[in-house]
Amino acid sequence: MTHIHRPEVETREPAAQHARDDAAWRRQLRYLFDRSDFYRDKFRAAGVADAASCGGLDELARLPFTEKDEIRRSQAEAPPFGHHLAADPAALQRIYSTSGTTGDPCYMPVTAQDLANWIEISSRSYTAGGLRRGMRVVSTYNAGPFVAGAALDTITALGVCHIPVGTGNTARLVRALQLMRPEALLCTPSYAVHLAEQLAAQGIAADGLGLRRICVAGEPGGGEAQMRGRIEGAFGAMLCEAMGIGDVSISLWGECDAQQGMHFGGGDHVHVELVDPESGAPVEQRDGATGELVYTALTREAVPLARFRSRDHVVWWSSPCACGRTTPRVRCIGRTDDLVIVRGVNVFPSAVRAVAAGFAPQVSGAMVIRPLRRGVRQDPPLPVHVELGPGEAAPPAGLARAIEQAVRATLVASVRVTLVPFGSIGRSEYKTKLLDFGDAT
Ligand SMILES: [Zn+2]
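Residues numbered from 1 in each chain as written. Predicted model: local features only at pLDDT ≥ 70, side-chain atom pairs only at ≥ 80, totals over all residues. Heavy atoms only, no water.

A. Structural context of the coordination of the zinc ion. Summarising the metal site, the zinc ion is bound by the protein donors Cys-256 (SG), His-263 (NE2), Cys-321 (SG) and Cys-323 (SG), whose distances to it range over 2.1 to 2.3 Å. Around the zinc ion, the four donor atoms sit at angles spanning 101 to 115 degrees, and that spread fits a shape best called tetrahedral. (Donors = N, O, S within 2.8 Å, 3.2 Å for Na, K, Ca; no water. Tetrahedral: all angles 85-135°; square planar, octahedral: opposite > 155°, others 65-115°.)

Here's what the structure looks like:
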């Protein structure tokens, strides 16, 4: 029997869900016109005078997108929360922030109700991923200032037995796994790979630790067949992927046992669109469609966003799933932030990695693209460093060429592969950097 956190939402007929979400959006629109200076100005500039003339969800595409840069500008103009703060500042319950590597971080305030809704949404995702009351779960996320820290509230709400070990201490994690025998591990896919390598190097059988679930999030990778196979094979456990976006909600998507993509868990709270990343035009939501995800908050109080461009590119499925959920599913292909364009061809580094990883065990799966110039547009061939597998002392003859040809055949992009020794590409205990501009002029 499939365990579903909120069956009345997650198995609802899509048309019935659309009607509920439409009503919620009309309420949220009135709230935006009443409370958000940012959206009142933005919508009026787009020729929409008030909530009543805006229509409902079916008319959503008439409204302009919201870009991350607008949110940054809004916060810079009206610090600390920006013109898009719609709630009474006294009603804020928690304030998350981004890393702010270039200047001030972005602040993401939530009210008590916003936080409760995040916990509801991510509970659907984590339940799809296999977490259950009473299960022992080890997490490697740091609460820190980041939105991802709200996942810890969800773990508590689900009633699992939580063993937090934080990021950056593999020895502590290994001891926790050996002594407390958790059934599930929550980490980034990079870290799962790193951990598998560390365990192998120490002669510890990863598949003897008793883990049944590896729940990954935080970056693309968990959906790539090679990386998934490698992690599942090493630990003898099922891998389930989750994905969220700080500006909208944590863990909006979560993968079920059918492993055919991550289910949308935002019903009643978030509306999702699929658009063409170049033109912004809506893409029909049918099986195999690809596009960028665009989110509209339906119940957000503190900083509600409408038509927010996620920069996450996905493959979409709407057909029924064996688990019984009626919600759509996606698999992430890559993020616009990482995209390079080689002579007009869009290349996601994660896609290059997926192709290169097909040559395992001759390669380790680690890869980094090292462009020769800064910026998105690159000349062919794109330099790619691919790491050899453990035990491959000398590069096998013809391997670099074979990877280059496979990338050309799959991604229509020209790359130049340099094979580098096992362990020479930096491992991350959080998110892996797939683009390195260190050689760029
Ligand atoms: Zn399913």
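So, next bit.
B. Highlighting the side chain of Ser-74. You can see Ser-74 is positioned in helix H4 (residues 68-77). Non-local contacts of Ser-74, meaning those with residues more than four positions away in its chain, are made with Phe-38, Gly-82, His-83 and His-84. (Helix = DSSP H or I, 4+ residues; strand = E, 2+ residues; numbered from the N terminus. Contact = heavy atoms within 4.5 Å.)

C. Inspection of the domain arrangement of the chain at higher detail. What the domain assignment reports for the chain is domain 1 (1-334) and domain 2 (340-439). Taken over C-alpha atoms, the centre of domain 1 sits 28 Å from the centre of domain 2. Across the boundary between the two partners, domain 1 contributes 22 residues, which contact 17 residues of domain 2. Each partner contributes to the roughly 1,600 Å² buried at the junction of domain 1 and domain 2, and carbon and sulfur atoms together form 50% of this total. (Domains from an automatic or database assignment. Buried area = accessible area lost by both parts, 1.4 Å probe.)

D. Inspection of the pairing of strand E7 (residues 238-245) at higher detail. Taken across its eight residues, E7 has six buried, putting it largely inside the fold. Bridge count for strand E6 (residues 213-216) against E7 is four bridges, and the pairing is parallel. If you follow Ile-214 over to E7, its bridge partner there is Leu-239. Between the parallel elements E6 and E7, the chain passes through helix H9 (residues 225-235) in a crossover that is right-handed. Here E7 pairs with strand E8 (residues 249-255) via three bridges, running antiparallel. In the sheet register, Ala-242 faces E8, and the bridge partner there is Gly-254. Once E7 ends, the chain turns through three residues before running back antiparallel as E8. (Buried < 20%, exposed > 50% of the residue type's maximum accessible area, 1.4 Å probe, protein only. Pairing = 2+ DSSP bridges. Right-handed = clockwise from strand over helix to strand, strands pointing away.)

E. Layout of the sheet that holds strand E19 (residues 415-420). Taken together, three strands build an open sheet; the order of strands is E16-E18-E19 and the sheet is mixed. At either margin of the open sheet sits one strand with a lone partner, and together these are strand E16 (363-369) and E19. The average undirected angle you get between the axes of adjacent strands in this sheet is 25 degrees. Relative to strand E18 (residues 382-388), E16 runs antiparallel, the two sharing four bridges. Among the inter-strand pairings, Val-368 is bridged to a residue of E18, identified as His-385. On top of the sheet, helix H11 (residues 399-411) reaches E16, E18 and E19; it is set at about 140 degrees to E19, its chief contact. (Axes fitted to C-alpha atoms, helices over the stretch in contact; angles between N-to-C directions.)

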